[in-house]
Amino acid sequence: MKKILVGCITVLTFGLADVYTQEDRIYDMQKMAQAMQDMQSGFFYNNLDIVKAGAQDLKEAIVKIKPIKKETENKDVYERWMDNNTAMTKRIQRKIEQNTDDIVARFSDGDATQALQFYSKISSECMKCHVRLRKW
């Protein structure tokens, strides 16, 4: 009996663990916003360690973003496609990761102007997602 009960709890736990909720998305977006602020502070204080920490936090948070359960279970095919445009999301995630690496590389080389330009590109990618997918 204990084995059956433990088995049911395990299946239930793993079944619910994969659900990405709106609260999870908000938390991840807040982490990304904080990471962007950290990088900006690193620029202003001319501190490579702060820039690197912000870049690492951003790279860790960006990969977690995905459609929430409500969007994946939508029955309207067009709305589901618009909400779950995973190809565009993956492209944006890739560009942000690449630009983050470029920021660290340029700032490490002492080229703060180029690093700020890559920072601006990341902001542009963020807004692209918010405008196209989130309908801001």
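Below: a short report on this structure. (Residues numbered from 1 in each chain as written. Predicted model: local features only at pLDDT ≥ 70, side-chain atom pairs only at ≥ 80, totals over all residues. Heavy atoms only, no water.)

Side note on the nonpolar core
Soluble globular proteins tend to bury their nonpolar side chains together.
Right, on to step 1. Grouped together as the largest cluster of nonpolar side chains are 25 residues, with contacts concentrated most on Met-39, Phe-43, Leu-58 and Ile-103.
Right, on to step 2. Listing elements by their share of this core, those giving two or more residues are helix H2 (22-45), helix H3 (48-62), helix H6 (86-108) and helix H7 (112-132).
Right, on to step 3. Tallying contributions element by element places H6 first for this core, with six residues.
Right, on to step 4. Ignoring any residue separated from it by four or fewer positions in sequence, one finds Phe-43 in contact with Val-51, Ile-103, Phe-107, Ala-115, Leu-116 and Tyr-119. (Core = buried A, V, L, I, M, F, W, Y, C linked by side-chain atoms within 4.5 Å. Buried < 20%, exposed > 50% of the residue type's maximum accessible area, 1.4 Å probe, protein only. Helix = DSSP H or I, 4+ residues; strand = E, 2+ residues; numbered from the N terminus. Contact = heavy atoms within 4.5 Å.)

Details of the pattern of salt bridges
Right, on to step 1. Following the criterion strictly, the structure yields two salt bridges and no others.
Right, on to step 2. Across the pair Lys-128 and Glu-125 runs a salt bridge, and its minimum N-O distance is 3.3 Å. With Lys-128 and Glu-125 both in helix H7, this residue pair falls three residues apart, about one helical turn. (Salt bridge = Lys/Arg side-chain N within 4 Å of Asp/Glu carboxyl O.)

What to know about H6
Right, on to step 1. An ideal rise of 1.5 Å per residue puts 33 Å on 23 residues; H6 measures up with 33 Å between its terminal C-alpha atoms.
Right, on to step 2. Within the sequence span of H6, burial applies to Met-88, Thr-89, Ile-92, Gln-93, Ile-96, Asn-99, Thr-100, Ile-103, Val-104 and Phe-107.
Right, on to step 3. The secondary structure elements touched by the buried residues of H6 are H2, H3 and H7.
Right, on to step 4. A positive phi of about 90° marks Gly-110, the residue just after H6. (Expected span 1.5 Å × (residues − 1).)

Remarks on the side chain of Asp-28
Right, on to step 1. Here Asp-28 is to be found in helix H2.
Right, on to step 2. Side-chain polar atoms of Asp-28 contact the side chain of Tyr-20, separated by 2.7 Å.
Right, on to step 3. Setting aside anything within four residues of it in sequence, one finds Asp-28 in contact with Tyr-20, Ala-61, Lys-64 and Ile-65. (Polar contact = N/O pair within 3.5 Å; in protein donor to acceptor, adjacent residues only side chain to side chain.)

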